Amino acid sequence: MEAFAERARRELLATGETVRRRAVDAPALTPQETRIARLVVAGHSNAEIGAQLFISPRTVEWHLRKVFVRLGIASRRELDGALSGGR
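Residues numbered from 1 in each chain as written. Predicted model: local features only at pLDDT ≥ 70, side-chain atom pairs only at ≥ 80, totals over all residues. Heavy atoms only, no water.

Undergrad: Teacher, can you tell me more about the overall build of the protein chain here?
TA: The number of helices and strands found in the protein chain is 5 helices and 0 strands. Listed by position from the N terminus, the elements making up the protein chain come as α-α-α-α-α. In the protein chain, which comprises 87 residues, the share counted as buried stands at 23%. Summarising the internal contacts of the protein chain: among those between residues at least 6 apart in sequence, 48% fall at separations of at least 24. Summed over all atoms, the accessible surface of the protein chain reaches about 6800 Å², with 54% contributed by carbon and sulfur. (Helix = DSSP H or I, 4+ residues; strand = E, 2+ residues; numbered from the N terminus. Buried < 20%, exposed > 50% of the residue type's maximum accessible area, 1.4 Å probe, protein only. Contact = heavy atoms within 4.5 Å. Areas by Shrake-Rupley, 256 points an atom, 1.4 Å probe, with all protein chains shown as cover.)

Structure, rendered in structure tokens:
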């Protein structure tokens, strides 16, 4: 695993790109979880989000449950504050 990480680091260096370091205490959401969370904050329903992302509403619900656990929240209402860091 470390060999792959080193190779990726060298290739990124060659392209001039950099990788952000994750804060130790910040929960990391996947890109899909982040998209879903932002759409929820914008007021969209699971069905609307599913249609927009070409996934089922149940898949949206599954991702959203994972987001709640990672951010330590229990409802859609708490999501905006948790995403902006103002828990």
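Undergrad: Looking at this model, I keep getting lost on the packing of helix α2 (residues 31–41) against helix α4 (residues 57–71). Mind explaining?
TA: Working note: a packed helix pair is described by the angle between its axes plus the distance between those axes. At a minimum axis separation of 9 Å, α2 and α4 run at an interaxial angle of 95°. Compared by their axis directions, α2 and α4 come out roughly perpendicular. When α2 is examined against α4, the residues Gln32, Glu33, Ile36, Ala37 and Val40 are found in contact with a partner set consisting of Val60, His63, Leu64, Lys66, Val67 and Arg70. When grouped by side-chain class, the residues that make up the contact of α2 with α4 number 6 nonpolar, 2 polar and 3 charged. (Axes fitted to C-alpha atoms, helices over the stretch in contact; angles between N-to-C directions. Parallel < 35°, antiparallel > 145°, perpendicular 65-115°, else oblique. Nonpolar A, V, L, I, M, F, W, Y, C, P; charged D, E, K, R; others polar.)

Undergrad: Would you mind going over the nonpolar core with me for this structure?
TA: Side chains of nonpolar character tend, in soluble globular proteins, to be buried together. Ranked by size, the top nonpolar core spans 14 residues in total, and within it Ile36, Val40, Ile49, Leu64, Leu71, Ile73 and Leu79 carry the most contacts. Looking at this core, the elements that each hand over two or more residues are α2, α3 (46–53), α4 and α5 (79–83). The residues touching Leu64, leaving out its near neighbours within four places in the chain, are Ile36, Val40, Asn46, Arg76 and Leu79. (Core = buried A, V, L, I, M, F, W, Y, C linked by side-chain atoms within 4.5 Å.)

Undergrad: Would you mind going over α4 with me for this structure?
TA: Helical periodicity: at 3.6 residues per turn, an α-helix aligns residues three or four positions apart in one direction. Under the 1.5 Å per step criterion, the end-to-end length of α4 is 21 Å for 15 residues, consistent within 8% with the ideal 21 Å. If you check which residues of α4 are buried, you get Val60, His63, Leu64, Val67, Phe68 and Leu71. Along the axis of α4, the buried positions cluster into a sector of 145°, meaning they face one direction only. Of the exposed residues in α4, the ones pointing more than 90 degrees away from its buried face are Arg58 and Val69. In this structure, the buried residues of α4 make contact with α2, α3 and α5. Remark: Gly72 follows α4 within two positions and exhibits a positive phi of approximately 70°. (Expected span 1.5 Å × (residues − 1). Arc of directions from axis to C-beta.)

Undergrad: In this structure, what is going on with the pattern of salt bridges? I would like to understand it.
TA: Side chains carrying opposite charge are able to pair once their charged atoms draw close together. Considering all chains together, one arrives at 6 salt bridges under this definition. Between Arg10 and Glu6 there is a salt bridge whose closest N-O contact spans 3.9 Å. Of this pair, Arg10 and Glu6 both sit in helix α1 (residues 2–15), 4 residues apart, which is roughly one turn of the helix. Of the charged contacts in the structure, one is a salt bridge between Glu33 and Lys66, with a shortest N-O distance of 3.4 Å. Here Glu33, found in helix α2, pairs with Lys66, found in helix α4; they are 33 residues apart in sequence, far enough to count as distant. (Salt bridge = Lys/Arg side-chain N within 4 Å of Asp/Glu carboxyl O.)

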